[in-house]
Amino acid sequence: MNKNLRAAVIAGNWKMNKTRPEAKALVEELKPLVKDADCGVVVCVPFTNLETVLEAAKGSNIKVGAQNCHFEKSGAFTGEVSADMLVEMGVEYVVIGHSERRAYFGETDETVNKRLKQALANGLKPIVCVGETLDERESGLTEDVLKRQLIKGLDGVKGAGDIIIAYEPVWAIGTGKTATPQMANETIGYIRRIAKDLLSEDFSILYGGSMNAANAKDLLAQSEIDGGLIGGASLKPNDFSIICNCD
Ligand code: PEP
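In this text, all values refer to a predicted model and were calculated from it rather than measured experimentally.

## A look at the site of the ligand
So, point 1. Contacts to the ligand come from 14 residues, most closely from K15, E168, G174, S210 and G231.
So, point 2. Measuring from an oxygen atom of the ligand, one finds a side-chain N or O atom of N13 at 3.1 Å.
So, point 3. At 2.7 Å, a backbone N or O of S210 approaches an oxygen atom of the ligand.
So, point 4. Look at the ligand: alone it shows 290 Å² of surface, and the protein chains cover 95% of it.
So, point 5. Classifying every residue of the shell around the ligand gives four nonpolar, eight polar and two charged.

## With respect to the pattern of salt bridges
So, point 1. Summed over the entire model, instances satisfying the criterion amount to 20 salt bridges.
So, point 2. With its nearest N and O atoms 2.6 Å apart, the salt bridge here joins R115 to E107.
So, point 3. In this structure R115 comes out as buried when scored by relative accessible area, which is 7%.
So, point 4. The class for E107 is buried, based on a relative accessible area of 6%.
So, point 5. The salt bridge involving R148 is made with D109; its shortest N-O contact spans 2.7 Å.

## Thoughts on the nonpolar core
So, point 1. Counting residues in hydrophobic clusters, the biggest one holds 67 residues, and the most contacted among them are L86, I165, Y207 and L220.
So, point 2. If you look at the next biggest cluster of nonpolar residues, it comprises twelve residues, including C44, A166, L206 and L229.

## Examining the pairing of strand β3 (residues 62-66)
Looking down a regular strand, the side chains alternate between one sheet face and the other.
So, point 1. Burial analysis of β3 places four of its five residues in the buried class, the great majority of the element.
So, point 2. Bridge count for strand β2 (residues 40-44) against β3 is four bridges, and the pairing is parallel. Within β3, the position partnered with C44 by the bridge is G65.
So, point 3. Tracing the backbone out of β2, into helix α2 (residues 50-57) and back to the parallel element β3 gives a crossover that is right-handed.
So, point 4. Sheet topology places β3 next to strand β4 (residues 93-96); two bridges connect them, and they run parallel. Note on β4: the bridge partner recorded for G65 is Y93.
So, point 5. The parallel pair β3 and β4 is bridged by helix α3 (residues 83-89), and the resulting crossover is right-handed.

## Description of helix α8 (residues 181-199)
So, point 1. Spanning 19 residues, α8 covers 26 Å between terminal C-alpha atoms, matching the ideal 27 Å at 1.5 Å per step.
So, point 2. Buried residues of α8: P181, A184, N185, T187, I188, G189, Y190, I191, R192, I194, A195 and L199, and no others.
So, point 3. On its buried face, α8 is in contact with β5 (125-130), α6 (134-138), α7 (142-153), β6 (164-167), β7 (205-208) and α9 (216-220).
So, point 4. Once α8 finishes, S200 follows within two positions and takes phi at roughly 60°, a positive value.

Calculation rules
Residues numbered from 1 in each chain as written. Predicted model: local features only at pLDDT ≥ 70, side-chain atom pairs only at ≥ 80, totals over all residues. Heavy atoms only, no water. Near = heavy atom within 4 Å. Polar contact = N/O pair within 3.5 Å; in protein donor to acceptor, adjacent residues only side chain to side chain. Areas by Shrake-Rupley, 256 points an atom, 1.4 Å probe, with all protein chains shown as cover. Nonpolar A, V, L, I, M, F, W, Y, C, P; charged D, E, K, R; others polar. Salt bridge = Lys/Arg side-chain N within 4 Å of Asp/Glu carboxyl O. Buried < 20%, exposed > 50% of the residue type's maximum accessible area, 1.4 Å probe, protein only. Core = buried A, V, L, I, M, F, W, Y, C linked by side-chain atoms within 4.5 Å. Helix = DSSP H or I, 4+ residues; strand = E, 2+ residues; numbered from the N terminus. Pairing = 2+ DSSP bridges. Right-handed = clockwise from strand over helix to strand, strands pointing away. Expected span 1.5 Å × (residues − 1). Contact = heavy atoms within 4.5 Å.

Here it is, written out as structure tokens:
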């Protein structure tokens, strides 16, 4: 992490886990463990947990995010949640374009772009996910895929503002396979060059994909890696706090 250049952020992605009592207990346990963390600490929780977690996190340094938002302001979109509904609750962050949404819910670069614009228009801080599949990496297509995701995903967006990008190689998510620190650093360096060209500003880029208490220090020591988007390990307060407390 290069904290004098860019903000460091460790964000947990709880995915579809935790009932409200479990969510409250997790945050209560996490609060004292991360209170001195020298980075932004964010938990991105299911919609049903937002109110509970916002309440539990009050007065602490833990910020709250959602895992998606719709690209229209309001209307006939059954089952969806809009950016301004999140903002009204006090939510600050939103994950956009997670590979699970791209794989299972038809998310495309175009819908990522529309959601991103809606999030920004409402003052949310978007964590935009990009990453290649194993096939794409093995076919030497990693850079092409990332470039396409960035050009289309960031199309028409002016300035980096509060955008955070998360590089999440799809083959590393929830698999226990992590990109080596060098590989993650190089790829994030590439993403930074492309996105900086598009947005004319620098911004934080996180690594995500099986980051855990054991491998976080090496990954976070890399100059291009400004933090992490953490799935499985964010459900374990002790492990998540170890990651948040890495220098
Ligand atoms: C994620 O869900 O964004 C993620 C990186 O998951 P995991 O840490 O479990 O690989």
